[in-house]
Amino acid sequence: MHETALSESRTVRWGLIVIALGFLALFLVLPLIAVFAEALRRGVGVFVAAFADADTWAAIELTLLVAAIAVPLNLVFGLCAAWAVAKFAFPGRSLLITLIDLPFSISPVVSGLVYVLLFGAKGLLGPWLEDWDFKIVFAVPGIVLATIFVTFPFIARELIPLMQEQGTADEEAALTLGASGFRTFLTVTLPNVRWALLYGVLLCNARAMGEFGAVSVVSGHIRGLTNTMPLQVEILYNEYNFVAAFAVSSLLAGLAFVTLGAKSFLEWRHGDALAAIRRH
Amino acid sequence: MSKSFGQTAAVHELDLAVRPGELLALLGPSGSGKTTFLRLVAGLEAPTEGRLLFGNTDATRLAVRDRRVGFVFQHYALFRHLTVAQNIAYGLNVRPARSRPAKAEIRRRVADLLDLVQLVGLDGRYPAQLSGGQRQRVALARALAVEPRVLLLDEPFGALDAKVRRDLRRWLRDIHDRTGHTTLFVTHDQEEALELADRVAIFNRGRIEQVGTPDEVLDRPATAFVASFVGEAVRLPVDAAGYWVRIGPHAVRTPGENVSGPAELFVRRGDLVVSDDRRHSIPARVLAVRRTGGTRRAELALADDLPSVEVDLPADSVVGKGDVLSVMLATVRLFSSRSVS
């Protein structure tokens, strides 16, 4: 076949493919296999026994609770922010877009420290919270807050480009046809962004369950009370309890696989709607 | 009615009375305020000043959803997750339970509308599976389903190719005649406006220059803008006084009295005729002769520094390049330079 000026020689092409795949295998696939291999090294019995530990169970429960609070809240915040940015022109709009990206651009440790500085015993609001006997730092509320902060951009960022591209004509059409504002939102806006929304929720959830840095700062590492799964992994690992550490890790890795699988399925089924996101 | 966005007035002191049942075109260059005006009628924009009346009822403060206007958007704005039938039924389904027709009645209405817009059998398709022309027709059926008081179409054929445009144009006129809805449609295509509409409102810089039948705006343009925008005209700078118009070095007598002073003469093909009448005609040098269909068309120079004009000659004419013809102004479209922008 005639080769165009842009097509590289066979050697270069295969070279690039081998390098890319080799890199992936070395830095992504191999470590993941190692996690499962290590977890199951002493047999399934020991693997299952790792979950019998009360502290580990508490960590799993806490992680689920935090995700169950953070994801729905970010779903609502994300929708509001995306709606505001995409459908209205108002002063401070570009500032809002920049702020939404803030959690992506600062280190999670700093995000955690912010809450310690705000709500900690010596923090700005610490004494006032103490009067009311309400603990945020080194307690579950702090973990939830830090998680919400870190995972805030995921849903909003999926929605904004799509909503901007779709514009407001569909909503206007619904209004002229006699639909109320809320009805328009339910029957027109939401269906138009549903796959992007689901995609954002998946990514947000994966990060909410896996977040380490910010949560580590505000958690205080109180066993059975303020340890999430990633923190529990660290504790087990530092105690040389490798099988248990890798067993919990394998759960987190499994979550990553489920997320990836669901994401691939969405892309396969609803590629058109999602392609709009990636163009930006 | 007026509408300003910040400092800029998009629509300025418009006053337009639409007759019940008429098909009115809003024609103008882009940015002339015609779409803004349409959105003001629909309630998608709120007027800065002025009132909107539907018959005798004041609709200025009426919410969009209560206005009962049928709006067809330039890019259709069909609901992509709903089928054709669900799209058409949308306006009926969102009504409060009290006034919502029964399911069977909605189905019947959708079937009637599908028949009207010639899309029978496509009710289960999604918008993405339709051609541009079909989407346009679904959008129209969806707007008609709510039995609107007025139908508003924003550049209804703007996104379609020329052949489909022509077909849909005829079809829209037909639908209008059958359903009798008062209809306003926005277009920047004068051919579309003149062919389709009962009356044409010509917009320029947020104002209406003239409202009239296609014949009126073509034959008796009220302003220089209308004369230059509608029909193809060559603009000649001239001097006018009484019955006389000076074109370059020649003066020509016109049938009626004119404006005085510097003016612009708009010459369309057909305005000039070859004539032997010495008093009323001026000499013109032939620059080129072309054969088009049943006639021969000559390009003429009335003076050296003026744009050339065209005149139709009989097919058997033997006029050639370089000859001098004597031509007369059969129709005079003259506007004082002060009124010309």
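Here, every reference points to the structure presented above.
Residues numbered from 1 in each chain as written. Chains lettered and ligands numbered in written order. Predicted model: local features only at pLDDT ≥ 70, side-chain atom pairs only at ≥ 80, totals over all residues. Heavy atoms only, no water.

Undergrad: Which residues make up the overall build of chain A, and what values go with them?
TA: When you go through chain A residue by residue, the secondary structure sums to 13 helices and zero strands. Scanning chain A from its N terminus toward the C terminus, one meets helices and strands in the order α-α-α-α-α-α-α-α-α-α-α-α-α. Principal-axis analysis of the C-alpha atoms places the extent of chain A at approximately 70 × 60 × 30 Å. Within chain A, the fraction of its 280 residues that count as buried is 40%. Here the contacts in chain A between residues at least 6 apart in sequence split such that 73% fall between residues at least 24 apart. Only carbon and sulfur atoms are counted for the fraction: they give 72% of the accessible area of chain A, which is about 15,300 Å². Computed over 17 positive and 20 negative side-chain charges, the separation of the two mean positions in chain A equals 6 Å. (Helix = DSSP H or I, 4+ residues; strand = E, 2+ residues; numbered from the N terminus. Buried < 20%, exposed > 50% of the residue type's maximum accessible area, 1.4 Å probe, protein only. Contact = heavy atoms within 4.5 Å. Areas by Shrake-Rupley, 256 points an atom, 1.4 Å probe, with all protein chains shown as cover. Lys, Arg positive; Asp, Glu negative; His and termini not counted. Charge placed at Lys NZ, Arg CZ, Asp CG, Glu CD.)

Undergrad: Mind laying out the packing of helix 8 (residues 169-176) of chain A against helix 9 (residues 181-210) of chain A, listing which residues take part and the relevant values?
TA: Residue and element names in this part refer to chain A. Two elements in contact, helix 8 and helix 9, have axes whose closest approach is 10 Å; the angle formed by their N-to-C orientations is 145°. When the axes of helix 8 and helix 9 are compared, the crossing they make is right-handed. Counted together, Asp170, Glu171, Ala174 and Leu175 of helix 8 and Gly181, Thr184, Val188, Thr189 and Asn192 of helix 9 form the full contact between these two elements. Of the residues that constitute the contact of helix 8 with helix 9, the class distribution is three nonpolar, four polar and two charged. (Axes fitted to C-alpha atoms, helices over the stretch in contact; angles between N-to-C directions. Left-handed = near helix turned anticlockwise from the far one by under 90°. Nonpolar A, V, L, I, M, F, W, Y, C, P; charged D, E, K, R; others polar.)

Undergrad: Account for the interface of chain B and chain A, with residues named and values stated.
TA: With 19 residues of chain B in contact, the opposing surface of chain A contributes 19 residues. Across the chain B/chain A interface, buried area totals approximately 1,700 Å², and carbon plus sulfur atoms make up 58% of it. Counting across the chain B and chain A interface gives two salt bridges. For the pair chain B and chain A, the interface holds five residue pairs in polar contact (both at pLDDT 80 or more). At the level of elements, helix 2 (64-67), strand 6 (69-72), helix 3 (84-93) and helix 5 (132-145) of chain B are the ones that each hand at least two residues to the side of chain B that touches chain A. At three residues, helix 3 of chain B tops the list of elements feeding residues into the side of chain B that touches chain A. (Buried area = accessible area lost by both parts, 1.4 Å probe. Salt bridge = Lys/Arg side-chain N within 4 Å of Asp/Glu carboxyl O. Polar contact = N/O pair within 3.5 Å; in protein donor to acceptor, adjacent residues only side chain to side chain.)

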